[in-house]
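Descriptive structure summary
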Amino acid sequence: MSNMIDKIFANATKFIALGVLLIVAWIFTVLFEHSLESIKAFGFSFLTEDKWAPNLEKFGALPAIYGSVVSTFLAMLLAVPVAIGVAIFLSEIAHAKIKMPVGVSIELLAAIPSVVYGMWGLFYFVPIIRDIFGGIGISMLTAGIVLSIMILPFMAAVTRDAMNTTPDILKESAYALGATKWDVVKDIIIPYAKAGIIGSFILALGRAIGETMAVTFVMGNVHNISIDLTQPATSIPVTLANEFAEADSELYYSSLFELSLLLLVISFTIISIAKFYFLRRKRIGQ
Amino acid sequence: MTHTQKRIITNNIVMTLSTLSAIVGIGFLLWILSILVINGIDALSTTIFLNEGAPPGNESGGLKHALIGQLLLVSYASLFGVPLGILAGTYLSEYGQKSKLAETIRDISDIMMSAPSIVIGAFVYAIVVAPTGQFSGWAGSIALMIIMLPIILRTTDDMLHLVPSTLREAAFALGAPKYKVIIQVVYRGAKAGILTGVLLGVARVAGETAPLLFTSFNDNFLNTDMSQPMASLTVTMYNYATSPYEDWQKLGWAAAFILSMFILTLNILGRLFLLKKRGKN
């Protein structure tokens, strides 16, 4: 009797675990199926065409791709140095008494929903950008900065964790030889934690590229490619968030699904690189 | 200048820059938090909890519809997501262990955890909303469940792994079948850890907005019928904040405040459970 229950329990858990794989495969299949019409209609030019005009049934993803790439690049450019600074501060400079509260608050800030960052950006950051750089304040630049602030807590926390894996004995030996803190960071900690740090940055990059709400408020959803960063722009997730519920033709829908598929493939690739090349994680407790 | 002096100067410069970046980073974050608290508390009132949405210009609008909608969406997502996640995690830790299949499921779950949630929304739109021809609470809950599943699965897997194998062996030695060992010994040992995973998983999906935009959509009035479009705090916040009406924007801040406090509380509770557990070991 209990033998049978044992088998049922084992198989049930296995079945459910397999379900996770099935869902992922299902997501790819469904997105692909729904993109077919757009793929047939535009082919490769979907990626290179810069016109997105629903009224003319013309759909080109280039402005959204451009916006995703540029806003993410801006965000990384701003967040990486600050995140490294915060991580160095937390792991080497901060007194034990402030290390804990500051570290925990940074981790908690990573949990604040991105819609809140977006709302803050719209009401408090857009006016500042407008005053300093001109334009309407809703722009690629604003999106990049808000995005950088949103990914900062995550990057700082993970970088600090990676740095903290450096064995104390290595650091102590270096200090004993007369190394300064910076020597230790540069020659001991960073080389030791390199893979983890790079991995966490790539992971943050993956998040930034798929991040929707933090940028939807401040980017403008204008399908334009402009070198001028103070102009409104769009990105793949921003386009999806703004237009998905409104699409009124088959081809329009299909194009949005192709954008979703594109986003999923891009982020899957980025996250996989982070995971498999840099973050082969050890299970805790091992 | 000697080499040592140079090193010391470089060190001082870099350490100052690091401290500065910490101050700047934390300053920004404190700015956001204080704005959230100031605007949130300013907008809070009892009417917010008692009244449904109202047209702009009408001061009597509240968030009751969004609070209840949010609660329903997250509850149903958890109702299915939590047990399924725990069971799948159980497979990985207790049966699959280091098999190829288990490792693949682990890797894919890790990737899914960071995948853009708006894509999940598009998927659920295609499989639920389009066929039924209707935005619905169910669609929203399913989207949230899919996002929650890998989180619960991975934390359960990790937490069960922390239970010492001697405990399992002792139970086996007494002749207990494996499922009993898992349910009565392993789950009990990992209780705090699993609970932490559940709290973090719930906290994570409670803040999701993007996948709800085109699954549960929104409703400005109270609706408890899961087969109809349903309001959520997050989508309401988005709609109200981007509206030109001041009283709606105010409600948006109230929603942001309530939601953030809820999520922070869940996160802090999760940490406390883990700390308590570590204290015991």
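All of these numbers come straight from a predicted model, not from anything done at the bench. (Residues numbered from 1 in each chain as written. Chains lettered and ligands numbered in written order. Predicted model: local features only at pLDDT ≥ 70, side-chain atom pairs only at ≥ 80, totals over all residues. Heavy atoms only, no water.)

From N to C terminus, chain B includes twelve helices and zero strands. Counted from the first residue to the last, chain B has its helices and strands arranged as α-α-α-α-α-α-α-α-α-α-α-α. Taking the principal axes of the C-alpha coordinates as reference, chain B spans close to 75 × 70 × 35 Å. Counting the 281 residues in chain B, one finds 55% classified as buried. The contacts of chain B with a sequence gap of at least 6 include a subset with a gap of at least 24, amounting to 74%. (Helix = DSSP H or I, 4+ residues; strand = E, 2+ residues; numbered from the N terminus. Buried < 20%, exposed > 50% of the residue type's maximum accessible area, 1.4 Å probe, protein only. Contact = heavy atoms within 4.5 Å.)

In this section: the overall build of chain A. Regarding its fold elements, chain A presents eleven helices and two strands. For chain A, the α and β elements follow one another from N to C terminus as α-α-β-β-α-α-α-α-α-α-α-α-α. When the backbone C-alpha atoms are referred to their principal axes, chain A occupies close to 75 × 70 × 30 Å. Out of the 286 residues belonging to chain A, those deemed buried represent 55%. Expressed as a percentage of contacts within chain A between residues at least 6 apart in sequence, the contacts between residues at least 24 apart total 72%. Counting every atom, chain A has about 12400 Å² of accessible surface; 66% of that belongs to carbon and sulfur. The positive charge centre, built from 19 side chains, and the negative charge centre, built from 21, are 13 Å apart in chain A. (Areas by Shrake-Rupley, 256 points an atom, 1.4 Å probe, with all protein chains shown as cover. Lys, Arg positive; Asp, Glu negative; His and termini not counted. Charge placed at Lys NZ, Arg CZ, Asp CG, Glu CD.)

Spanning 32 residues, helix α3 (residues 62–93) of chain A covers 45 Å between terminal C-alpha atoms, matching the ideal 46 Å at 1.5 Å per step. Taken as a whole, α3 of chain A carries its principal kink of about 30° at alanine 79 of chain A; the proline proline 81 of chain A stands between one and four residues after it. (Expected span 1.5 Å × (residues − 1). Bend = angle between axes of the 7 residues up to and from the residue.)

On to the UniProt feature "domain: ABC transmembrane type-1" (unreviewed entry) in chain A, then. UniProt's feature table lists "domain: ABC transmembrane type-1" (unreviewed entry) at residues 65–274 of chain A, given in the numbering used throughout. For residues 65–274 of chain A, the helix share is 80%, the strand share is 0%, and the end-to-end C-alpha distance is 21 Å. (UniProt positions renumbered as here; feature names shortened; annotations may be inferred.)

Residue and element names in this part refer to chain B. The assigned domain composition of chain B is domain 1 (3–43) and domain 2 (49–280). For domain 1 versus domain 2, the distance between C-alpha centres works out to 32 Å. Interface of domain 1 and domain 2: buried area, both sides summed, is about 670 Å²; carbon and sulfur atoms make up 85% of it. Interface area lost by domain 1 to domain 2 is led by Leu36, Asn39 and Ala43, which between them contribute 59%. One can count zero salt bridges joining domain 1 with domain 2. Put simply, domain 1 and domain 2 have zero residue pairs in polar contact (both at pLDDT 80 or more) between them. Among the residues making up the side of domain 1 that touches domain 2, the classes are represented as five nonpolar, two polar and one charged. (Domains from an automatic or database assignment. Buried area = accessible area lost by both parts, 1.4 Å probe. Salt bridge = Lys/Arg side-chain N within 4 Å of Asp/Glu carboxyl O. Polar contact = N/O pair within 3.5 Å; in protein donor to acceptor, adjacent residues only side chain to side chain. Nonpolar A, V, L, I, M, F, W, Y, C, P; charged D, E, K, R; others polar.)

Right, let's get into unusual backbone geometry. All names here are of chain B. Positive phi, normally seen in glycine, also occurs at glutamine 97, with a value near 45°. Tracing the backbone through its elements, the reader meets glutamine 97 in the loop between α3 (64–96) and α4 (100–114). At phenylalanine 217, a residue that is not glycine, the phi angle is positive and equals roughly 60°. Counting through the fold element by element, phenylalanine 217 comes out in the loop between α10 (210–213) and α11 (233–241). Taking the relative accessible area as the measure of exposure, phenylalanine 217 reaches 33% and is therefore partly exposed.

Okay, the layout of surface pockets next. Taken as a whole, the second largest pocket holds about 260 Å³ of empty space. Mapped by element, the contributors of at least two residues to the lining of the second largest pocket are α10 (236–243) of chain A together with α11 of chain B. The element contributing the most residues to the lining of the second largest pocket is α11 of chain B, with three residues. Classifying every residue of the lining of the second largest pocket by side-chain character gives seven nonpolar, four polar and one charged. (1 Å grid on protein atoms, 1.4 Å probe; cavity = no way out; pocket = protein on both sides within 12 Å on 5 of 7 lines; lining within 4 Å. Points joined across faces, edges and corners; volume = space filled by probe spheres on them.)

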